[in-house]
Amino acid sequence: MTLFTKDLIAVAQSPLAHWLTSLPAQLQQWQQQQQHGELPKWLRCVAQLPQLEPTAVALGATVSVLNDSISDGQQQRIKGLLMQLTPWRKGPFNLHGVQIDTEWRSDFKWQRVAPHIGDLSGQQVLDVGCGSGYHLWRMLESGAEQVWGIDPGQLFMAQFMAVRSFMPTDLQARAHWFPLGIEDMPELKAFDTVFSMGVLYHRRSPIDFLTQLKAQLKQGGQLVLETLVVTGDEQTVLVPGETYAKMRNVWFIPSTKALLHWLERCGFKNARVVDENVTSLAEQRATEWMPGQSLVDFLDPHDTSKTIEGYPAPLRAVIIANT
Ligand SMILES: Nc1ncnc2c1ncn2[C@@H]1O[C@H](C[S@+](CC[C@H]([NH3+])C(=O)[O-])CC(=O)[O-])[C@@H](O)[C@H]1O
């Protein structure tokens with residue numbers, strides 16, 4: 001059975017069945033390109049993870065799967081294998097007692113987003129740029145019927161597959177991850193809610209990006225957009241120099257007013273800002289599972305209201321809009 005067979009069957013059995021016109025060929029082509037590089041090694045680690053019947057599962061702040069009769073030896077083995085998938089950026093997870101304290105406390109972001117998204121019960125939900133899939137589990141916690149994550153990051157895929165391998169089969173069948181960028185998506189117009197958190201500023205063409213997100217939504221669906229913003233009016237946008245907070249791939253950081261304007265121009269209705277928050281050093285920091293540089297190293301050491309390049313420090317907004 002190939003890597004995505006079960007997920008493709010889930011597509012066929014869902015209201016997204018028309019995705020099958022492009023998806024199998026894209027996945028096959030992608031798999032052919034993965035013979036070299038680190039993915040095969042990461043997937044071997046995932047395949048070696050022990051299969052244990054979960055006795056407790058919690059899709060809460062720490063996404064947890066536990067088995068009450070696990071041995072110390074099994075736990076050490078799980079930790080050793082999961083450590084080979086570092087850096088772990090988005091979490092936290094507790095997998096059979098192995099606490100993955102990720103660089104980001106992604107639960108903080110979910111706490112800001114969740115009160116505003118309504119009831120996801122029965123919904124088909126897409127998460128564009130889902131990383132390790134931490135928020136996919138939280139979307140299931142909020143009632144989604146099926147969650148679909150896309151992200152071009154191969155290590156994130158291995159991390160998602162590792163976490164999913166521990167989940168009970170009913171949850172495994174409701175959470176899917178495909179190695180696609182938003183630009184690889186056909187116009188499905190089929191999802192009830194589309195999330196895109198932390199991606200807009202990585203796109204060179206933000207208006208095209210918003211249009212691509214809209215093309216995934218049903219009529220009457222909702223977009224949940226989370227991104228870096230700056231303060232300013234409808235025409236304020238920061239286009240940083242080579243780096244922003246040491247990130248090389250940051251293009252457009254609009255004000256919330258500009259973002260609302262863009263959403264309106266793209267045909268979204270009822271766009272509203274539901275949260276604004278300065279990223280704290282507690283939310284993004286180095287840990288055993290991501291030992292490299294983190295937010296503290298990206299800010300001006302003498303003035304943490306500025307990035308190391310002198311731009312405003314990361315301020316993030318959550319915006320909800322409808323089609
Ligand atoms: N073209 C693209 N299409 C889809 N995804 C992409 C693309 N380009 C990059 N990504 C992916 O977008 C994610 C951005 S991280 C947010 C993770 C999560 N959502 C979070 O809110 O914590 C934000 C950050 O750490 O700066 C990464 O996983 C990329 O691989």
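Residues numbered from 1 in each chain as written. Predicted model: local features only at pLDDT ≥ 70, side-chain atom pairs only at ≥ 80, totals over all residues. Heavy atoms only, no water.

An unreviewed UniProt entry annotates the chain as tRNA U34 carboxymethyltransferase originating from Pseudidiomarina maritima. Of the comments in the UniProt record for the chain, the one headed Sequence similarities (unreviewed entry) reads "Belongs to the class I-like SAM-binding methyltransferase superfamily. CmoB family." If you open the UniProt record of the chain and go to Catalytic activity (unreviewed entry), you find "carboxy-S-adenosyl-L-methionine + 5-hydroxyuridine(34) in tRNA = 5-carboxymethoxyuridine(34) in tRNA + S-adenosyl-L-homocysteine + H(+)". (UniProt positions renumbered as here; feature names shortened; annotations may be inferred.)

### So, the pattern of salt bridges
For the structure on display, the rule yields 16 salt bridges. The closest approach of N and O atoms between Arg 285 and Asp 101, which form a salt bridge, is 2.7 Å. Residue Arg 285 is found in the loop between β14 (269-278) and α11 (295-298), and its partner Asp 101 is found in the loop between β5 (98-100) and β6 (104-105); the two are separated by 184 residues along the sequence. The class for Arg 285 is partly exposed, based on a relative accessible area of 22%. The partner of Lys 109 in a salt bridge is Glu 226, and the shortest N-O contact between them spans 3.0 Å. Taken as a pair, Lys 109 in helix α5 (residues 106-113) and Glu 226 in strand β11 (residues 217-229) lie far apart in primary sequence, 117 residues in all. Residue Lys 109 is classed as buried on the basis of its relative accessible area, which comes to 8%. (Salt bridge = Lys/Arg side-chain N within 4 Å of Asp/Glu carboxyl O. Helix = DSSP H or I, 4+ residues; strand = E, 2+ residues; numbered from the N terminus. Buried < 20%, exposed > 50% of the residue type's maximum accessible area, 1.4 Å probe, protein only.)

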